[in-house]
Amino acid sequence: MNKLGNVIRSSENRQWIGLVYVIPFIIGLLVFKMYPFLASFYYSFTDFSLLRPEKFVGLSNYKYMFTQDPLFFPALKATFLYTLFAVPGKLAFALLIAVILNMNVKYISVYRTLYYLPSILGGSVAIAVLWRSMFTVDGVVNQFITSVGIPAIDWFGIPSLALISISLLSIWQFGSSMVLFLAGLKQVPNDLYEAGTIDGASKFRMFFSITFPLLTPILFFNLIMQTVTAFQEFTAAFLITNGGPLNSTYLFGLKLYQDAFLYSKMGYASALSWILFLCIMLFTVIAFKSQKYWTHYDDGGKF
């Protein structure tokens, strides 16, 4: 009985020790995640700024947003277009580079490191400023295209090209997705390729019949994560174009920032943040519902 009691007490002590280690995470979650999350929901129904107490206004913020705010729908449209261009472009480019870096060539580890560097540097303010200077009228990009006989392009003066220009910065940060695709490529069994070779399948056919189906779970994860990131993009729109021209790059993150910190409309900005949250949730639900039709797993089945 004494031995059993010692075992029980030892188990209880281990549980308390585990709880002590978890407490900092729980406190951080409650203070820095849950409280702001719930507080923003309350503030979305108030007229609130940092300079005066909040005043409850009910659904007025949401009514103004959908019926009177002239920049709400342009910001929503620009964000969807940006996501539609940046996310597929980034995933396609990441997969292409991952396939190349999966080849057995000399110094391949060095190449993998070099290709990952843009993801470490790409989100910084300095890189955004550098990107802006590259695409100016007399920037490096125009100097290159004029050297081959193509007229210089006003990348930030044409609405459609301005959105593409800042989307290219996101595509350039493909490293994190590329690493995941590369890890997935390493897990594809070689015997499947050997069987395909025996059957006379080409490299192209084996990629779409063997490699790509086995990578769809990683593709699904990358799709979710990169889409959530794209919906919240702020740095490029703020530093490179400041929303112009003609609000073509006026992303939702930039509108949120301006309403909250430039115009001190914290209550209205909270309402905007919840609309953004609902858009992200809607996409996530649709993605999870659709994955059973195109996501394959190791057992040969689908989710």
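A few points on the structure. (Residues numbered from 1 in each chain as written. Predicted model: local features only at pLDDT ≥ 70, side-chain atom pairs only at ≥ 80, totals over all residues. Heavy atoms only, no water.)

## Digging into the pairing of strand β1 (residues 46-49)
One ladder, built from three bridges, connects β1 with strand β2 (residues 52-56); its direction is antiparallel. What sits directly across from Ser49, in β2, is Arg52. Taken together, β1 and the strand that follows it, β2, pair antiparallel across an intervening segment of two residues. (Pairing = 2+ DSSP bridges. Helix = DSSP H or I, 4+ residues; strand = E, 2+ residues; numbered from the N terminus.)

## Re the side chain of Thr227
Among the structural elements, Thr227 can be located in helix α10 (residues 203-231). Of the residues examined, Thr227 reaches a relative accessible area of 3% and is grouped as buried. Discounting residues that sit within four places of it in the chain, Thr227 has contacts with Thr83, Val87 and Phe283. (Buried < 20%, exposed > 50% of the residue type's maximum accessible area, 1.4 Å probe, protein only. Contact = heavy atoms within 4.5 Å.)

## Details of helix α7 (residues 159-172)
Relative to the 20 Å expected for 14 residues at 1.5 Å per residue, α7 spans 20 Å between its end C-alpha atoms, a close match to the ideal helical length. Those residues of α7 that fall on the buried side of the exposure criterion are Ala162, Leu163, Ser165, Ile166, Ser167, Leu169, Ser170 and Ile171. Residues of α7 that are buried in the fold lie against α3 (72-101), α5 (125-134) and α11 (235-241). (Expected span 1.5 Å × (residues − 1).)

## Comments concerning the pattern of salt bridges
Tallied over the entire structure, the rule returns four salt bridges. Notably, a salt bridge pairs Lys255 with Asp69, separated by 2.8 Å at the nearest N-O pair. Of this pair, Lys255 sits in helix α12 (residues 252-262) while Asp69 sits in the loop between α2 (60-67) and α3, and the two are 186 residues apart along the sequence. Both residues of the pair, Lys255 and Asp69, belong to the buried class. We note a salt bridge from Lys255 to Asp259, for which the minimum N-O separation is 3.0 Å. Of the two residues, Lys255 and Asp259 both sit in helix α12, four residues apart, roughly one turn of that helix. The pair Lys255 / Asp259 is uniform in exposure class, with both members buried. If you follow the salt bridges from partner to partner, you end up with Asp69, Lys255, Asp259 and Lys265 in one network. (Salt bridge = Lys/Arg side-chain N within 4 Å of Asp/Glu carboxyl O.)

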